[in-house]
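Residue-level structural notes
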Amino acid sequence: MTEKQITFNAKTHALDNNDNFSPDGQFLCYDTRYMVFNTNLANSKSVEKVAIATGEETILWQPESVSGENGAPGVAAVSYHPTENKVIFIHGPQLDEIDTRGYYDIRNRNGAIVSADGNGEFSIADLRDVATDRPTTSGAQRGGTHRHEYSRNGERIGFTYDDFLQQDYDRTIGYMEANKNAPDGFDHYFAVLLKPTKKGESKPGEIEKAYGDSWVDSLGSKRAFIGKVRAENGIDYETSLFVAEISDSVEIKSAYSGDANTYPEPPKGIQIKRLTHSTSDEGIVRGSYSGKQIAYLSKDEKGILQVFVIQVDGSDRAEEIEKKPKQVTNFAADASFVRWHPSDQWLFCISNGKVYANYVGSSKDFGKSILLTPNNLNREALVVSQDGKLLAYNINIPHATASRIIDGKQTNEYKQIFVLELKDTLNLSIQ
């Protein structure tokens, strides 16, 4: 296999480990962070796409922007819809809103949707309502949504969420779906999936922060996440794997959007299940294409982050061995950026800058790792095409003639996109 660089110009092409492949696998979407002033996403000026075959770049959304220590609007962290030609991404305050709304912040942003054909058809997905003289509008958020991800059937949008009105609460997770009861002028209804306990006030077993989330199944009925949870001693914290289950009986409009003194409540019937009791689960968790397994990162006995898998109904306290977590990798350096192959037989990840394929089928070869790339470059933000035939990732590459000042330092490195065609490598390697 040969990796191929497809972007070359003096500009950031940040994949951000999102769902960056277009449904037909012909394009990759990215943002242009780290180009002006500092590394704050507030200063990312555009979301774009690149044609994999030709390298042609197209700007999908580029609003006017203010750059500096603070910035706006900030457009970043872009993902494709799984079946339609559109993308979703972070969008902060419009320039004419800055006087009343303030600059971009984690508690001051929305999800925006724009057509991926370049015609600029644009909408905001979630109403943001931070009024304090009345209850929050039903179906609205009152802070900022981030890292938006469509379920594979395209029906739901998952995200992390930071509340503006109640900042004694840490980050949590939520979802949106199209609903006739959505706020006027908007198509989507917002709800949190978990109301965390106030920072520093949790009791043993209670979650203070939820993050690292991703859909487990194609229907968007299960969203796995990492929870910062109070340990049994009532003092320490653990970071463990959880699943939020949205049964068919759950009505999103049963969620309470809160008010100035009350944090939002999730819809009635959401179930939170704990799968591990760990102090070191990390990263963005990933559900298999069948929705039966979850991959995540956790430290081994040497303190190195390895890839683990667990059944969606599993537990590290289960009596049945098949329900317990299984360690997949045994790297000498931390694993990162875990992604599934559509066959559910392989997991991809990066360790020490190199891309590996790791077998998780049912045969004796479970845990076999295959090095897919040379060891001369530092790769990051790994993504996989929907058909499983192509990998893409970022590498910082020095530019021969261009440079810029970021965070007060001159740099000529720019995030470029590379692709790697898998061909028959994985099929041949386990025969």
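In what follows, the accompanying structure is described. (Residues numbered from 1 in each chain as written. Predicted model: local features only at pLDDT ≥ 70, side-chain atom pairs only at ≥ 80, totals over all residues. Heavy atoms only, no water.)

Some remarks on the overall build of the protein chain
To keep it simple, the criterion reads: Secondary structure elements follow DSSP: runs of H or I of four or more residues count as helices, runs of E of two or more count as strands, with numbering from the N terminus. Just to be clear, the radius of gyration here is over C-alpha atoms, and the globule rule we use is 2.2 Å times residues to the power 0.38. Residue contacts are defined here by distance: any two heavy atoms, one from each residue, within 4.5 Å place the two residues in contact. Residue-level accessible areas treat just the shown protein chains as cover; the underlying method is Shrake-Rupley with a 1.4 Å probe. A positive count includes Lys and Arg, and a negative count includes Asp and Glu. His and the chain ends are not counted in either. Charge positions come from single atoms, namely NZ of Lys, CZ of Arg, CG of Asp or CD of Glu.
When helices and strands are tallied, the protein chain shows two helices and 29 strands. Since a compact globule built from 431 residues should have a radius of gyration of about 22 Å, the 21 Å found for the protein chain is in line with a globular shape. If you line up the protein chain on its principal axes, its C-alpha atoms span 65 × 60 × 40 Å. Taking as baseline every contact in the protein chain between residues at least 6 positions apart, the subset at least 24 positions apart corresponds to 54%. Approximately 18,300 Å² of the protein chain is accessible, and the part contributed by carbon and sulfur atoms is 45%. Between the mean site of the 48 positive side-chain charges and the mean site of the 60 negative ones, the protein chain shows a separation of 3 Å.

Comments concerning the sheet that holds strand E24 (residues 369-371)
Basically, it comes down to this: A strand pair is defined by DSSP finding two or more bridges across the two strands. Each axis is a line fitted through C-alpha atoms, taken for helices only over the stretch in contact, and angles between the N-to-C directions span 0 to 180 degrees.
Spatial ordering of the open sheet is given by E21-E22-E23-E24, a layout of four strands whose pairing is antiparallel. The open sheet is flanked by strand E21 (335-340) and E24, the only strands paired with a single partner. Put simply, the sheet's adjacent strands are angled 25° from each other on average, direction ignored. Alignment of strand E22 (residues 346-351) against strand E23 (residues 354-359), held across six bridges, turns out to be antiparallel. Bridge assignment links Ser351 to a residue of E23, and that residue is Lys354.

Considerations on the sheet that holds strand E12 (residues 188-192)
The antiparallel open sheet is built from four strands, whose spatial order is E9-E10-E11-E12. Each having just a single partner strand, strand E9 (143-150) and E12 make up the two edges of the open sheet. Strand-to-strand twist of the sheet, defined as the mean angle between neighbouring strand axes without regard to direction, takes the value 30°. Pairing of E9 with strand E10 (residues 156-163) involves six bridges; the strand directions are antiparallel. Its bridge partner lying in E10, Gly144 is registered against Asp162.

Details of the side chain of Glu208
Selection criterion: Contacts described as polar in this section are N or O atom pairs within 3.5 Å, which, within protein, must combine one atom able to donate a hydrogen with one able to accept it, while residues neighboring in sequence count only if both atoms come from side chains.
You can see Glu208 is positioned in strand E13 (residues 207-215). Side-chain polar atoms of Glu208 contact the side chain of Ser202, separated by 2.5 Å. Side chain to side chain, Glu208 and Arg230 meet in a polar contact 3.3 Å long. When residues no more than four places from it in sequence are discounted, the contact partners of Glu208 are Asp170, Arg171, Pro196, Thr197, Lys198, Lys199, Gly200, Glu201, Ser202, Lys228, Arg230 and Tyr237.

Looking at the pairing of strand E3 (residues 47-51)
Two faces make up the sheet, and in a regular strand the side chains alternate between them. Put simply, the rule is: Burial classification: accessible surface area is computed with a 1.4 Å probe over protein chains only, and a residue below 20% of its type maximum counts as buried, one above 50% as exposed, and the rest as partly exposed.
Among the five residues that make up E3, five are buried, leaving the element largely enclosed by the rest of the structure. The two faces of E3 match: Val47, Lys49 and Ala51 on one face and Glu48 and Val50 on the other face are all buried. Pairing analysis gives five bridges linking strand E2 (residues 27-31) to E3, with the strands arranged antiparallel. Following the sheet pairing, Phe27 is matched in E3 by Ala51. Here E3 pairs with strand E4 (residues 57-61) via four bridges, running antiparallel. From the neighbouring strand, Val50 faces E4, where its bridge partner is Glu57.

Considering the pattern of salt bridges
Definition in use: Any carboxyl oxygen of Asp or Glu that lies within 4 Å of a side-chain nitrogen of Lys or Arg is treated as forming a salt bridge with it.
Scanning all chains against the criterion turns up 22 salt bridges. As a salt-bridge pair, Arg33 and Asp31 come within 2.8 Å of each other at their nearest N and O atoms. Arg101 is the salt-bridge partner of Glu97, the closest N and O atoms lying 3.4 Å from each other. One salt-bridge network, held together by shared partners, links Arg147, Glu149, Asp213 and Arg223.

Quick look at the side chain of Asp344
Relative to the elements of secondary structure, Asp344 occurs in the loop between E21 and E22. Among buried Asp, Glu, Lys and Arg side chains, Asp344 stands out as unpaired, with Arg152 the closest opposite charge at 6.5 Å. Within the structure, Asp344 has its side chain in polar contact with the backbone nitrogen of Tyr289 (distance 2.8 Å). Discounting residues that sit within four places of it in the chain, Asp344 has contacts with Ser288, Tyr289, Ser290 and Val360.

Some details on the environment of Tyr169
Secondary-structure assignment places Tyr169 in the loop between E10 and strand E11 (172-178). Since its relative accessible area comes to 9%, Tyr169 is described here as buried. For the pair Tyr169 and Arg152, spaced 17 residues apart in sequence, the C-alpha to C-alpha distance is 30 Å. Setting aside residues up to four positions removed in sequence, Tyr169 forms contacts with Arg107, Lys195, Pro196, Thr197, Lys198, Lys199 and Tyr263.

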